[in-house]
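A closer look at the structure
Listed below are the residues making up each chain.
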Amino acid sequence: MRPAAEARVIRLTDAEKVSFGPLSDYQRLTGDDGMPVFTGVQTCQPGYATPLHWHPYVECLFVLEGTMEAWLEGREATPTRLGPGEMIALPACTPHVFRNGGDTVLRLMG
């Protein structure tokens, strides 16, 4: 018989804000709690851009609000532009960048 599991409710209003510099913050929702998914909400002001970086896992970024531009290393001239309700899956171990591509707040889940 399968062990009993409990559903967890996680509220964004209860999540600690971690600064990603003066133009962005991140609120982790899962990942340090034993769940196999690392998820949170990042809020980015106009002008925010990540440095070129990579992760040892696939990064899925789902736009909740605003406009995001993302690209893989070497493809800076042709960024992918996404809006609310759209998601990009960035391959593991692949350098990439994303930025707020508009003049309003960008909020994404990733």
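In what follows, the accompanying structure is described. (Residues numbered from 1 in each chain as written. Predicted model: local features only at pLDDT ≥ 70, side-chain atom pairs only at ≥ 80, totals over all residues. Heavy atoms only, no water.)

Comments concerning the nonpolar core
In terms of nonpolar packing, the biggest core is built from 13 residues, with Leu 61, Met 68, Ile 88, Phe 98, Leu 106 and Leu 108 touching the most fellow members. For this core, the elements supplying multiple residues, two or more each, are strand S4 (59-65), strand S5 (68-72), strand S7 (87-90) and strand S9 (106-109). Sort the elements by how many residues they give to this core and S5 lands first, with three residues. What Leu 61 contacts, discounting residues up to four positions off in sequence, is Met 68, Glu 86, Met 87, Ile 88, Leu 90, Phe 98, Leu 108, Met 109 and Gly 110. (Core = buried A, V, L, I, M, F, W, Y, C linked by side-chain atoms within 4.5 Å. Buried < 20%, exposed > 50% of the residue type's maximum accessible area, 1.4 Å probe, protein only. Helix = DSSP H or I, 4+ residues; strand = E, 2+ residues; numbered from the N terminus. Contact = heavy atoms within 4.5 Å.)

Describing the pattern of salt bridges
Inspection of every chain in the model, using the stated rule, returns three salt bridges. Across the salt bridge formed by Arg 81 and Glu 69, the nearest N and O atoms sit 2.6 Å from each other. Remark: Glu 69 occurs in strand S5 and Arg 81 occurs in strand S6 (residues 80-82); sequence separation between them is 12 residues. Residue Glu 69 is classed as buried on the basis of its relative accessible area of 12%. Overlapping salt bridges bring together Glu 69, Arg 81 and Arg 99 as one network. (Salt bridge = Lys/Arg side-chain N within 4 Å of Asp/Glu carboxyl O.)

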